[in-house]
Amino acid sequence: MATVRRVAIIGGNRIPFARAGGPYRRAGNQDMLTAALDGLVARFGLQGELVGEFVAGAVLKHSRDFNLAREVVLGSRLDPRTPAHDVQMACATGLESVVSVANKIALGQLESGIAGGVDTTSDAPIALNDDLRRVLLRANHARTAAERIKALTGVRPRHLVPEIPRNAEPRTGLSMGEHAARTALAWEISREAQDEFTARSHQRLAAAYERGFFDDLLTPFQGLTRDQNLRPDSSVEKLAQLRPVFGRGEGATMTAGNSTPLSDGASTVLLASEEWAAQRRLPVLAYLGDVVPAAVDHVSGDEGLLMAPAYAVPRLLDRTGLELGDFDFYEIHEAFASQVLVTLKAWQDPEFCQQRLGRDKPLGEIDPAKLNVNGSSLAAGHPFAATGGRIVATLAKLLAEKGSGRGLISICAAGGQGLTAILERP
Ligand SMILES: CC(=O)SCCNC(=O)CCNC(=O)[C@H](O)C(C)(C)COP(=O)(O)OP(=O)(O)OC[C@H]1O[C@@H](n2cnc3c(N)ncnc32)[C@H](O)[C@@H]1OP(=O)(O)O
């Protein structure tokens, strides 16, 4: 029977995040994830080493990248015999990769592993439409030239319309932004509150760069040394001038400023057993604690698409015997400013907490001074699968800087899902 061991977070590395169509527009998922991985390998002296496993994923993937993680290992400076596989949990992919590696380390199946995530909206996969694909498959299976020609004569002009990936929920047809706009309206989240929250994210990320926080968490890539979306001068006044892009009429409050931009980027995290870290004299930043996923029914139910973390966090607290206030840092992924504000409001709302969470009193408030202290996705950008690794590395380093403490991670994801986790440093 396996015993459960503590899982150490040794460090992280990412490339700066770029805006879609920006400096990484000619880079694919493999290029970006390889750069993030090689930066990590160089930082921790792992060149030529066989790491237990590399687990990573991308939300938008080309069909040729059916096992993207393995291809990245083969193109990296790790020992090519390092096993690797992909995971996919939409915007929670990066954190799910961390959990996947960590669970194997905890059970003694691995001594070390690297988790990662990457996404590019600049190089999104465009597919052939279904009808053309079927014609081509028929032609490919033909036994004679005549059969092949016969199959190909079935091609019609309408077959040439490609399948372009949309940033939309398959079962509702609505974009994430439209879903979030409905939730923001239902919870009466004001434009001013969203813009204030956004400005703070930019100011905090800028301050973190200024004090060198990211110096050992980031490898420059293709001329970019900082997240391209970061606007240190982002002010409530400037943000107030932007026109709404999601929702309609008077109640439309979400803009290009208080929503995450479509982005390109990659991140990685090194995890290990304490023994492995000690053998290599690698300091431990923090340990991964409990993890809880959740999902909501955003299709036939009346719950908001991005509300799953509002359910996952209370379960995490119940299981660990903690209160919402028992954390030194809170890292809540900023898909949209409104979404973070809705989640915080829901945890303070007696009706939501009683009727949806089955609690006799509200979960409580979070001290804003402890929330996303180095900014988050609104300022950094959000290359979907890369966000989890960015957040884990940031929080682990914050805990190491503080010396001891506990941090909460909450990430909402497409498909009505969410993933939450605790990091701690005794
Ligand atoms: C679980 C999850 O994470 S769900 C979230 C998943 N992610 C998404 O859904 C992505 C959502 N975002 C998007 O779809 C797009 O980024 C949009 C629709 C919001 C905006 O797209 P675009 O219109 O191309 O944005 P663009 O970058 O051109 O910005 C529009 C304007 O706002 C301005 N702007 C953007 N951010 C800021 C800012 N922080 N401060 C000041 N101005 C800003 C830009 O300068 C631009 O101004 P201009 O028109 O004068 O040039």
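Named according to an unreviewed UniProt entry, the protein chain is Acetyl-CoA C-acetyltransferase originating from Saccharopolyspora thermophila. One UniProt comment on the protein chain, placed under Sequence similarities (unreviewed entry), says "Belongs to the thiolase-like superfamily. Thiolase family."

**Student:** Give me the UniProt feature "domain: Thiolase N-terminal" (unreviewed entry) in the protein chain: which residues, what numbers.
**Tutor:** Look at the UniProt record and you will see "domain: Thiolase N-terminal" (unreviewed entry) annotated at residues 7-275. For the annotated span residues 7-275, helix accounts for 35% and strand for 16% of the residues, and the straight-line distance between the end C-alpha atoms is 10 Å.

**Student:** So what's going on with the UniProt feature "domain: Thiolase C-terminal" (unreviewed entry) in the protein chain? Which residues, and what values?
**Tutor:** When the UniProt feature table is mapped to this numbering, "domain: Thiolase C-terminal" (unreviewed entry) covers residues 285-425. What you have in residues 285-425 is 36% helix and 23% strand, and the ends, taken at the C-alpha atoms, are 7 Å apart.

**Student:** Give a description of the site of the ligand that names residues and reports values.
**Tutor:** Close to the ligand lie 24 residues; Arg19, Asn167, Thr260, His333 and His382 are nearest. Interatomic distance of 2.9 Å between a side-chain N/O atom of Arg231 and an oxygen atom of the ligand. One nitrogen or oxygen atom from the side chain of His333 is found 2.8 Å from an oxygen atom belonging to the ligand. Contact with the protein chains hides 68% of the accessible area of the ligand, taken as 1,000 Å² for the molecule alone.

**Student:** Describe the packing of helix H3 (residues 93-106) against helix H14 (residues 387-402), with residues and values.
**Tutor:** At their nearest, the axes of H3 and H14 sit 5 Å apart, and the two run at 65° to each other. The residues of H14 that touch H3, namely those facing Gly94, Leu95 and Val98, are Gly388, Gly389 and Val392. Of the residues assigned to the contact of H3 with H14, the class counts are three nonpolar, three polar and no charged.

**Student:** Please set out the side chain of Thr255 residue by residue, giving values where relevant.
**Tutor:** With respect to the helices and strands, Thr255 occurs in strand E7 (residues 254-255). Other than its neighbours up to four places away in sequence, Thr255 contacts Arg191, Leu242, Arg243, Pro244 and Val245.

**Student:** Now, about the nonpolar core: what can you tell me, with residues and values included?
**Tutor:** By size, the foremost hydrophobic cluster in this structure holds 100 residues, and its most contacted members are Leu271, Leu324, Trp347, Phe352 and Leu423. Not counting residues within four places of it along the chain, the set of residues in contact with Leu423 comprises Ile9, Tyr287, Leu288, Gly289, Val392, Leu395, Ala396, Leu399, Gly405, Arg406, Gly407 and Ile409. Leu37, Ala58, Ala84 and Leu224 belong to the second largest nonpolar core, which has 37 residues in total.

**Student:** Requested: an account of the environment of Gly325, with residues and values cited.
**Tutor:** By the element assignment, Gly325 lies in the loop between helix H10 (308-320) and strand E10 (329-332). Taking the C-alpha atoms as reference points, Gly325 and Thr120, separated by 205 residues in sequence, lie 36 Å from one another.

**Student:** Before we move on, can you summarise the pattern of salt bridges with the specific residues and values?
**Tutor:** The final tally for this structure, using the stated rule, is 21 salt bridges. Between Glu401 and Arg211 there is a salt bridge whose closest N-O contact spans 3.1 Å. Taken together, the residues span a long stretch of sequence, with Glu401 in helix H14 and Arg211 in the loop between helix H7 (191-210) and helix H8 (236-240) at a distance of 190 residues. Overall, the relative accessible area of 43% leaves Glu401 in the partly exposed class. Across the pair Arg356 and Glu303 runs a salt bridge whose closest N-O atoms are separated by 3.1 Å. Of the two residues, Arg356 sits in the loop between helix H12 (350-355) and helix H13 (377-380) while Glu303 sits in the loop between strand E9 (286-295) and H10, which places them 53 residues apart along the sequence. By relative accessible area, which is 12% here, Glu303 ends up buried. In this structure, a network of salt bridges that share partners links the residues Arg5, Glu111 and Glu275.

Cut-offs used in this document
Starting from 1, residues in each chain are numbered consecutively following that chain's sequence as written. Predicted model: local features are reported for residues with pLDDT of at least 70 only, side-chain atom pairs are reported and counted for 80 or more only, and whole-chain, interface and lining totals are derived from all residues. By convention in this description, side-chain values take in all heavy atoms of the structure and omit both hydrogens and water. UniProt positions are given in the numbering used here, feature names are shortened, and annotations may be inferred rather than shown by experiment. In this description a helix means any DSSP run of H or I spanning at least four residues, a strand means any run of E spanning at least two, and both kinds are numbered starting from the N terminus. Throughout this document, a residue counts as near a molecule or strand when at least one of its heavy atoms sits within 4 Å of that molecule or strand. Polar contacts, as used here, are pairs of N or O atoms within 3.5 Å; protein pairs need one atom able to donate a hydrogen and one able to accept it. Residues neighboring in sequence count only if both atoms are side-chain atoms. Surface exposure here means Shrake-Rupley accessible area, sampled with a 1.4 Å probe, where a residue is shielded only by the protein chains that are shown. To obtain each axis, a line is fitted to C-alpha atoms, and for helices this fit is confined to the stretch in contact; angles are then taken between N-to-C directions over 0 to 180 degrees. Residues count as neighbours in contact if any of their non-hydrogen atoms are within 4.5 Å of one another. Three categories are distinguished: nonpolar for Ala, Val, Leu, Ile, Met, Phe, Trp, Tyr, Cys and Pro, charged for Asp, Glu, Lys and Arg, and polar for the others, with Gly belonging to the last. We define the nonpolar core as a collection of buried residues of types Ala, Val, Leu, Ile, Met, Phe, Trp, Tyr and Cys that are connected through side-chain atoms lying within 4.5 Å of one another. Buried means the residue's accessible area, taken with a 1.4 Å probe over protein chains only, is under 20% of the maximum for its type, while exposed means over 50%, and partly exposed covers the values in between. Throughout this description, the term salt bridge denotes a Lys or Arg side-chain nitrogen within 4 Å of a carboxyl oxygen of Asp or Glu.

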